[in-house]
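Coordinate analysis (summary)
Each chain, written out:
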Amino acid sequence: MAPHHAEDVGMTAAKSPRRAVAAADRTRQPTEVRRRLIVEAAVPLIAERGYASVGVRDVAGAAGVSVGTVTYHFGSVQEILSEAMILHIERYYAALNEAAEQATSGAEGLRLMVDALFTEDTDRHWRMWFDYWNAGERGADETFARGQAQRYEAWHRQIRQLIERGVAEGEFTCEDLDGVTVRFAALADGLALQHLRQTPPLTTEDARRHLNRLVETELARTPSDR
């Protein structure tokens, strides 16, 4: 656990309750800002070096603060890295979801999602995603495991909502929403891993083609769309 925040210490020494509250308010905001600064600084480090290769000194140097400041706000380097990964992943999928929601239909939303999943700029995201995935296999604590599960649940929910929208709008039919959602997510992960390792070689265009093929095969078009 990180040490108590400064606002939790020495408040009884204040001369008046009103002044004590004001002091606490003044201290709390910088604390939140410093935590965010440290987490933000960790994101590019993970992208460049990998989750397992980033230490407290690396994060402190990138954030422009002392090691003591880092350890004051965080109980371990894993806590920092976990928050950094969550920050990155939530930003990535929020942008993905926003783009899909602006689509004129569920089918178009799925196409936009496939396009956004595989670009030259998404390799960085996929490297971080698999680092995050592997970290969970290395005996991460319960909080980390719970956070990781929540990320997967949110991702599956995004996929399912687009499929449901397409069905509701009469674009296609689907008798197994849960199954299609799982297969879409699993294929996306598998294609991303193959693309990163290039064994065998896989282009972003081919990755998109394979995932779009899954959509076409699994989601039968309604007669009016054929």
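Quick look at the structure, then. (Residues numbered from 1 in each chain as written. Predicted model: local features only at pLDDT ≥ 70, side-chain atom pairs only at ≥ 80, totals over all residues. Heavy atoms only, no water.)

1. A closer look at the overall build of the protein
Inclusion rule: Secondary structure is summarised from DSSP: a helix means a run of H or I of at least four residues, a strand means a run of E of at least two, and numbering begins at the N terminus for each. Burial here depends on accessible area, computed with a 1.4 Å probe over protein chains only, as a share of the maximum for the residue type. Under 20% is buried, over 50% is exposed, and the range in between is partly exposed. A contact between two residues is defined here by any heavy atoms of the two lying within 4.5 Å. Computed with the Shrake-Rupley method and a 1.4 Å probe, the accessible areas treat only the protein chains shown as cover for residues.
Check the secondary structure of the protein and you find 9 helices and 2 strands. Burial status across the protein gives 37% buried among its 226 residues. Looking at the protein alone, contacts between residues at least 24 apart form 69% of all its contacts between residues at least 6 apart. Only carbon and sulfur atoms are counted for the fraction: they give 52% of the accessible area of the protein, which is about 12,600 Å².

2. Brief notes about the packing of aromatic side chains
Quick note on the threshold: Two aromatic rings from Phe, Tyr or Trp, using only the six-membered ring of Trp, form a pair when their centres are within 6.5 Å; if the ring planes differ by under 30 degrees the pair is stacked, by over 60 it is edge-to-face, and anything between is tilted.
Counting across every chain of the model gives 7 aromatic pairs. One aromatic cluster is present, built from ring pairs that chain together Tyr92, Tyr93, Trp129, Tyr152, Trp155 and Phe184.

3. A few points about the packing of helix α8 (residues 177–197) against helix α9 (residues 204–218)
Going by this rule: Only the stretch in contact is used when a helix axis is fitted, and all axes are lines through C-alpha atoms; the angle between N-to-C directions ranges over 0 to 180 degrees. When an angle is under 35 degrees it counts as roughly parallel; over 145 it counts as roughly antiparallel; between 65 and 115 it counts as roughly perpendicular; any other value is oblique. Here a crossing is taken to be left-handed if its near helix is turned anticlockwise relative to the far helix by less than a right angle, and right-handed if that turn runs clockwise. Only Asp, Glu, Lys and Arg are considered charged, only Ala, Val, Leu, Ile, Met, Phe, Trp, Tyr, Cys and Pro nonpolar, and every remaining residue, Gly among them, polar.
With their axes 10 Å apart at the nearest point, α8 and α9 run at an angle of 165° to one another. One finds that α8 runs roughly antiparallel with respect to α9. Like other packed secondary-structure pairs, α8 and α9 cross with a definite hand, here right-handed. Contacts from Val180, Arg183, Phe184, Leu187, Ala188, Leu191 and His195 in α8 reach Thr204, Ala207, His210, Leu211, Leu214, Val215 and Glu218 in α9. For the contact of α8 with α9, the per-class residue count stands at 9 nonpolar, 3 polar and 2 charged.

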